[in-house]
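A closer look at the structure
Residues per chain, in single letters:
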Amino acid sequence: MTDPTGPHGAVPASRTPLLIGAVFVLLGGIFIGALGTTVLLRTSIGSAGDLKARETIRLQGLLVAPDGRLAPEDTAERTTAAFAHSFVVSAAALDAVASLDDRQRMLDIARWLVDTDALAGRDDAVSRWAGSAARCVVATPEQPRTAANCVRDAMPDDVPVPERDD
């Protein structure tokens, strides 16, 4: 007959505590992973919400007057100026735009600006710069870095530079 305790009389160690410990580690990892994923998703959704809130606040600023809503011609003026500024900023950072769809849309807008000469009747520096930026983007559609550098170099001398608080 064989002895179940082994040749030296020692009882083999049970693997149950090791198995229970492995299950707890696995469950802890799943919990931490789920918590991390929830936090990351909430952060990205929250960021999108923040961006939309800022956009809404900015757009409302285009419509508001001290006594209510601006007149349509004033609203159009503010909107056009805001568009020109936004286009210049976006074109100057075109090489940082990761989405190929967004780059293509910016190229389409630049072509529209060049083809229709949409901002030609405006004499402000930002509108002139937006027209130059559109020509830069159209001239180098496959080279976003070159286009962005061209936009930066095309800044008119009379563009107001914001004062810095040092």
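Conventions we followed
Residues numbered from 1 in each chain as written. Predicted model: local features only at pLDDT ≥ 70, side-chain atom pairs only at ≥ 80, totals over all residues. Heavy atoms only, no water. Salt bridge = Lys/Arg side-chain N within 4 Å of Asp/Glu carboxyl O. Buried < 20%, exposed > 50% of the residue type's maximum accessible area, 1.4 Å probe, protein only. Helix = DSSP H or I, 4+ residues; strand = E, 2+ residues; numbered from the N terminus. Polar contact = N/O pair within 3.5 Å; in protein donor to acceptor, adjacent residues only side chain to side chain. Contact = heavy atoms within 4.5 Å. Core = buried A, V, L, I, M, F, W, Y, C linked by side-chain atoms within 4.5 Å. Phe/Tyr/Trp six-rings, centres within 6.5 Å; stacked < 30°, edge-to-face > 60°. 1 Å grid on protein atoms, 1.4 Å probe; cavity = no way out; pocket = protein on both sides within 12 Å on 5 of 7 lines; lining within 4 Å. Points joined across faces, edges and corners; volume = space filled by probe spheres on them. Nonpolar A, V, L, I, M, F, W, Y, C, P; charged D, E, K, R; others polar. Expected span 1.5 Å × (residues − 1). Disulfide = S-S within 2.5 Å.

Regarding the pattern of salt bridges
Scanning the entire structure with this criterion turns up 4 salt bridges. One salt bridge in this structure joins arginine 122 and aspartate 124, with 3.4 Å as the shortest N-O distance. The class of aspartate 124 is partly exposed, set by a relative accessible area of 27%. For aspartate 123, the salt bridge is made with arginine 128, and the minimal N-O distance between the two is 3.9 Å. Judged by relative accessible area, aspartate 123 falls into the exposed class, the value being 64%.

Comments concerning the side chain of threonine 140
Structurally, the position occupied by threonine 140 is in the loop between helix 4 (125–139) and helix 5 (144–153). Threonine 140 gets classed as buried once you look at its relative accessible area, which sits at 17%. One polar contact links the side chain of threonine 140 to the main-chain amide nitrogen of alanine 147, over a distance of 3.5 Å. With residues up to four places along the chain from it excluded, the contact list for threonine 140 reads Thr146 and Ala147.

Digging into the nonpolar core
Ranked by internal contacts, the top residues of the largest apolar core, which has 22 residues, are Phe87, Ala91, Leu113, Ala130, Val137 and Val151. Of all the elements in the fold, those that place two or more residues in this core are helix 2 (72–92), helix 3 (100–116), helix 4 and helix 5. Among the elements that make up this core, the one with the highest residue count is helix 4 (7 residues). Apart from residues no more than four positions distant in its own chain, valine 137 is found in contact with Ala91, Leu94, Met106, Leu107, Ala110 and Ala147.

Regarding the packing of aromatic side chains
A full pass over the atoms with the stated rule returns 2 aromatic pairs. When the ring of phenylalanine 83 is compared with that of tryptophan 112, the centres are 6.3 Å apart and the planes differ by 75°; the resulting orientation is edge-to-face. Here tryptophan 112 lies in helix 3 and phenylalanine 83 lies in helix 2, a separation of 29 residues in the sequence. On the basis of relative accessibility, which here comes to 29%, the residue phenylalanine 83 falls in the partly exposed class.

Structural notes on the layout of surface pockets
Its volume calculated, the largest pocket comes out at about 260 Å³. Lining the largest pocket, in full, are Phe83, Ser86, Phe87, Ser90, Val97, Asp102, Arg105, Met106 and Ile109. Counting only elements with at least two residues in the lining of the largest pocket, the list comes to helix 2 and helix 3. For the lining of the largest pocket, the class distribution of residues is 5 nonpolar, 2 polar and 2 charged. By volume, the second largest pocket amounts to about 170 Å³. Around the second largest pocket sit Leu94, Leu100, Arg103, Gln104, Leu107, Val137, Thr140, Pro141, Glu142, Pro144 and Ala147, which together line it.

Comments concerning helix 4
Helical geometry: 3.6 residues make up each α-helical turn, so side chains three or four residues apart lie on a common side. Helix length check: helix 4 (15 residues) gives 21 Å between terminal C-alpha atoms against 21 Å at 1.5 Å per residue, within 8%. Along helix 4, the residues that are buried comprise Ala125, Ser127, Trp129, Ala130, Gly131, Ser132, Ala133, Ala134, Cys136 and Val137. Those residues of helix 4 hidden inside the fold are in contact with helix 2, helix 3 and helix 5.

Here's the deal with the state of the cysteines
Scanning the model with the defined rule gives 1 disulfide in all. A disulfide bridge connects cysteine 136 with cysteine 150, and the sulfur atoms are separated by 2.0 Å. Taking the torsion about the sulfur-sulfur bond, which here is approximately -60°, the covalent link between cysteine 136 and cysteine 150 counts as left-handed. Of this pair, cysteine 136 sits in helix 4 while cysteine 150 sits in helix 5; the two residues are 14 residues apart in sequence, bridging distant segments of the chain.

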